[in-house]
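The residues making up each chain are set out below.
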Amino acid sequence: MRGLVGKRVLVSGGSSGIGAATARRFLEEGSRVVIGGLDPAEVDRTVTDLAPLGEISGLAGDVSSEADVESLVGGAVAALGGLDVLVNNAGIAWREPFLDITAEHWDTMISVNLRGMFLVAQAVARHLVAQGRGGVILNMSSTNGIGGEADYAHYNASKGGVLLLTRTMAVELGRHGIRVNALCPGYIRTPLNSAIAATLDGDFVSAYEREHIPLGRAGLAEEVAAGYAFLASDDAAFVHGTELVIDGGQLAVM
Ligand SMILES: NC(=O)c1ccc[n+]([C@@H]2O[C@H](COP(=O)([O-])OP(=O)(O)OC[C@H]3O[C@@H](n4cnc5c(N)ncnc54)[C@H](O)[C@@H]3O)[C@@H](O)[C@H]2O)c1
């Protein structure tokens, strides 16, 4: 990808799954990276794994906490001497029928996936505006932000919210030279989905991949990382206020 060498990149939720693959991809592109993550030990492990590839450091904290977000974004700015790209990726998911969702479970999902996304995006955007050199913000949505998959009402609502947050940010921040887009991956093989799949019959999971995904398989974290890299690169210089779907054709099925 063009224009990623030397870019200063913050990846929230960069300690696992799609985020860790994305940190790896940006290092391979010659970018300088800070990752966030909830579990300090997992953040340290991922930094140690990826350190041979280039400049990377990590900061643990909860994206739904204003104080933790201030430390994450302030720490990334200090470590990198500024920021150019935010990969706003941290998120959680679990299956739960609509009729069983408690108000507490609803609040937990929304506070990480929507409030957390907003807090990190706003803190980074304020920095980018003050820095005055533009930048890129990429928010993680999902195909579940577009279609209403059963047993994920709280998750679907959080990811649908991310899409409108993204478009509104694009409208307000474009004049500052800050490009804002969202990613909508479908079913991707990551620790998050392995935990969900462990609660389901193995045959159900393979039948799901066969029947719901025209390419016949789950996606890889690296295939989503490639989408983040494209949207952050100069090759996407006129891509703004939209979403990139990476789902093996899942949304094309009637
Ligand atoms: N795996 C999929 O099929 C899929 C599909 C579409 C969208 N997504 C989205 O991609 C993102 C990454 O998912 P993944 O599958 O790689 O999951 P994962 O569980 O492997 O990684 C999640 C990351 O988010 C971090 N995180 C979770 N809660 C946090 C909190 N409160 N504060 C700070 N960090 C927190 C974790 O520490 C970890 O680094 C999520 O936003 C998820 O909703 C995943």
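Quick look at the structure, then. What you are looking at is a predicted structure, and each value in this text was computed from that prediction instead of being measured.

1. What to know about unusual backbone geometry
Then comes step 1: The phi dihedral of Asp151 is positive, around 75°, even though this residue is not glycine.
Then comes step 2: As for its placement among the helices and strands, Asp151 is situated in the loop between strand S5 (135-140) and helix H5 (153-173).

2. Side note on the site of the ligand
Then comes step 1: The immediate surroundings of the ligand are formed by 30 residues, with Ser15, Ser16, Tyr155, Thr190 and Asn193 found nearest.
Then comes step 2: The contact in question runs from an oxygen atom of the ligand to an N or O atom on the side chain of Asn193, over 2.6 Å.
Then comes step 3: In isolation the ligand offers 820 Å² of accessible surface; the protein chains occlude 93% of this area.
Then comes step 4: Of all the secondary-structure elements, those providing two or more residues to the shell around the ligand are helix H1 (17-28), H5 and helix H6 (191-197).
Then comes step 5: Ranked by residue count, the leading element in the shell around the ligand is H6, at three residues.
Then comes step 6: Of the residues contributing to the shell around the ligand, the split by class is 13 nonpolar, 14 polar and three charged.

3. Remarks on the pattern of salt bridges
Then comes step 1: This model, assessed by the stated rule, comprises eight salt bridges.
Then comes step 2: When the shortest N-O distance is used, the salt bridge between Glu243 and Arg167 registers 3.2 Å. Of this pair, Glu243 sits in strand S9 (residues 243-246) while Arg167 is found in helix H5, placing the two residues 76 residues apart along the sequence.
Then comes step 3: Exposure remark for Glu243: the relative accessible area of 25% places this residue in the partly exposed category.

Cut-offs applied
Residues numbered from 1 in each chain as written. Predicted model: local features only at pLDDT ≥ 70, side-chain atom pairs only at ≥ 80, totals over all residues. Heavy atoms only, no water. Helix = DSSP H or I, 4+ residues; strand = E, 2+ residues; numbered from the N terminus. Near = heavy atom within 4 Å. Polar contact = N/O pair within 3.5 Å; in protein donor to acceptor, adjacent residues only side chain to side chain. Areas by Shrake-Rupley, 256 points an atom, 1.4 Å probe, with all protein chains shown as cover. Nonpolar A, V, L, I, M, F, W, Y, C, P; charged D, E, K, R; others polar. Salt bridge = Lys/Arg side-chain N within 4 Å of Asp/Glu carboxyl O. Buried < 20%, exposed > 50% of the residue type's maximum accessible area, 1.4 Å probe, protein only.

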